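Spelled out, the chains give:
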Amino acid sequence: MPIFQDADGMAIKFFIQRDIPQEIQAEVCETIAALGGRVETKVPRAGFILVQPGTAEEERLRLCWSTPDRPERYIVPYTYVEACKVSGMLLKQIFRHEGQPIRMHIDSSIANINVRAALSARIMHSGGDPTASAQSARVILADPNTEIFQHLVKTYQGEPDKYVESYLWVKKCIEKGQVIYTPVVYKNPGGRRPGEERTQFTEEDEQHLCNWIAAKIPYKETGGRTGNRLYQQLCEMTHDPEYAWVTRHTWQSWRERYKKNATRLDAKIAEIVEQKKPALGEKGQYGYVRKPEEKPKRVRKKRNSTVVNGNCNAVASGVADTGSPAQGPPGMHSMETYSLPMPVPMGAIAGVMGPVGGPGDGFHPVVYEPPGPVFQHMSVPAPTAMDAETARRNAREEEMEDDEVEWQIREGTGPPPPWAKRKVDGEEDQRNKRQRISSLGEQTNGLHVVDQAVRDIAKEFRFLVEEVQEYYDKCGDPERTRNRFKRMREVLNALKDDDGSAVA
């Protein structure tokens, strides 16, 4: 059924304010006709008068045609037609009270201009008047997330015909099709109701109270028996079945009971303490907490190792010994605190290519231990079990003899101790030695030996030093670098000119 038709299938009648621009009138008439309505040249008894808000003609039409004897005649903005088309329904005129539009005030706490404009249009399309002041309005709309909203509620909660609502209230009313003000609820002002008797203290209650105080504050001279926290903790024990009696009174009542009968109850507490004889400061007593753990003192280790930077141009000192745990900034835990897989030298892992670098490169790249096999069907060699005898034969350390004294010294002209003897060159494992070009501190003509080698290669084969340096940084081998640029020069010399003649 078309939007602008009533339940009997009759077209709803509209009258348009005459001084509205003709192009707007034509568009509105076309929309009304398309939605099943009819535009009249006279003001209908039941229907809609479309006006342009804020004009003198709109005010005149309201004075003339807004009468109590015609409750089914509504005055709405001409945008009402388009709003009904967008919503797909005839918007009900719900914001009316005793035949007149409900006067509403949009508070300044709703600061967004677009929200205020949309809210005002929605109110007018549903029969309300959003132009009223705060004093004359029946409904004040405000932002509930501001302090102003709470202030307005306290200010007008005593007035029976004035309501403070959230700006979302308008949308809720339109969706429900009726005006529903936020209801008031009863808030208990406190105190006992008329005729309600107070729970009296019994001897059992006092005995429970004395047992509690004797356990928490056995000695009165320590203080705290009249404090609030002691009795608040008592009432927090309601979850314990042994303290079910606590719910008979509030913590304020327990406190007042002791405070007003302190002399008599102190005597009972003293008898309980005499029987149990708790030590002062015993665990569980009120006011005593666990002593904080002492923080271990940090021991700063000396740093005296020397490393070479990546460009091989400078010598930097201050890197900690690799044997000590990694040191971080204050407040960070040591690496020894966590059970993480520690890195191992790359050369120690079978099947992993060794590091790319020159013979004099002292850098040892590290990787983490590889995880277990991913595919279960692949055959993985099982680790061979090593007995104690085999492990002892393959030990890298030497065992001290029983009669050997630690840190022996040479006496007189006697032989030097074993630890002071220089090892024969043949005893050292030659496989673990790394070939070196020269020592790290060796220099030639003020340049490092590597820089000098790069310059010699560039000069010999007539290339830029930067080109040779770039390739050397990639491979790290001076001999390999020299062979490459030698071949490059031979290739360049073998090239022919554009006329086909070879270059001498």
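Here, the structure is the one placed above.
Read on for a plain summary of the structure. (Residues numbered from 1 in each chain as written. Predicted model: local features only at pLDDT ≥ 70, side-chain atom pairs only at ≥ 80, totals over all residues. Heavy atoms only, no water.)

**Here's the deal with the sheet that holds strand E1 (residues 13-16)**
Item 1. One open sheet accounts for 4 strands, arranged E2-E1-E3-E4; its pairing is parallel. The outermost strands of the open sheet, each flanked by one partner alone, are strand E2 (38-39) and strand E4 (73-77).
Item 2. Across 3 bridges, E1 lies against strand E3 (residues 47-51) in parallel orientation. When the bridges of E3 are listed, Ile16 appears paired with Leu50.
Item 3. Contacts between helix H1 (residues 22-34) and the sheet are confined to E1, E2 and E3, with E1 contributing the most and set at about 180° to the helix. (Pairing = 2+ DSSP bridges. Helix = DSSP H or I, 4+ residues; strand = E, 2+ residues; numbered from the N terminus. Contact = heavy atoms within 4.5 Å. Axes fitted to C-alpha atoms, helices over the stretch in contact; angles between N-to-C directions.)

**Points about the packing of aromatic side chains**
Item 1. Per the counting criterion, the structure on display carries 13 aromatic pairs.
Item 2. Pairing Tyr471 with Phe485 gives two aromatic rings, centres 6.1 Å apart and planes at 80°, and the pair type is edge-to-face. Remark: Phe485 occurs in helix H14 (residues 478-494) and Tyr471 occurs in helix H13 (residues 465-475); sequence separation between them is 14 residues.
Item 3. Taking the relative accessible area as the measure of exposure, Tyr471 reaches 16% and is therefore buried.
Item 4. Members of the aromatic cluster, joined through ring pairs, are Phe4, Phe14, Phe48, Tyr74 and Tyr80.
Item 5. Lying across the ring of Tyr156, Lys162 places its NZ or CZ 5.2 Å from the centre.
Item 6. Lying across the ring of Phe463, Arg489 places its NZ or CZ 4.7 Å from the centre. (Phe/Tyr/Trp six-rings, centres within 6.5 Å; stacked < 30°, edge-to-face > 60°. Buried < 20%, exposed > 50% of the residue type's maximum accessible area, 1.4 Å probe, protein only. Lys NZ or Arg CZ within 6 Å of the ring centre and 35° of its normal.)

**Regarding the nonpolar core**
Item 1. Leu209, Ile213, Tyr231, Leu234, Trp254, Tyr258 and Ile269 are the most contacted members of the largest nonpolar core, which totals 20 residues.
Item 2. When residues of this core are traced back to their parent elements, those giving at least two are helix H7 (203-216), helix H8 (228-235), helix H9 (251-260) and helix H10 (262-276).
Item 3. Setting aside anything within four residues of it in sequence, one finds Trp254 in contact with Phe201, Asp205, Leu209, Tyr231, Leu234, Cys235, Trp245, Val246 and His249.
Item 4. Counting 17 residues, the second-largest nonpolar core is a separate cluster that includes Phe14, Ile32, Cys84 and Leu91. (Core = buried A, V, L, I, M, F, W, Y, C linked by side-chain atoms within 4.5 Å.)

**A word on the packing of H7 against H9**
Item 1. Where H7 meets H9, the axes come as close as 11 Å, and the angle between the chain directions of the two elements is 85°. Judged by the inter-axis angle, H7 sits roughly perpendicular to H9. Between H7 and H9, the contacting residues are Asp205, Glu206, Leu209 and Ile213 on the first element and Trp254, Arg257 and Tyr258 on the second. (Parallel < 35°, antiparallel > 145°, perpendicular 65-115°, else oblique.)

As far as function goes, none of this settles anything; it's purely spatial.
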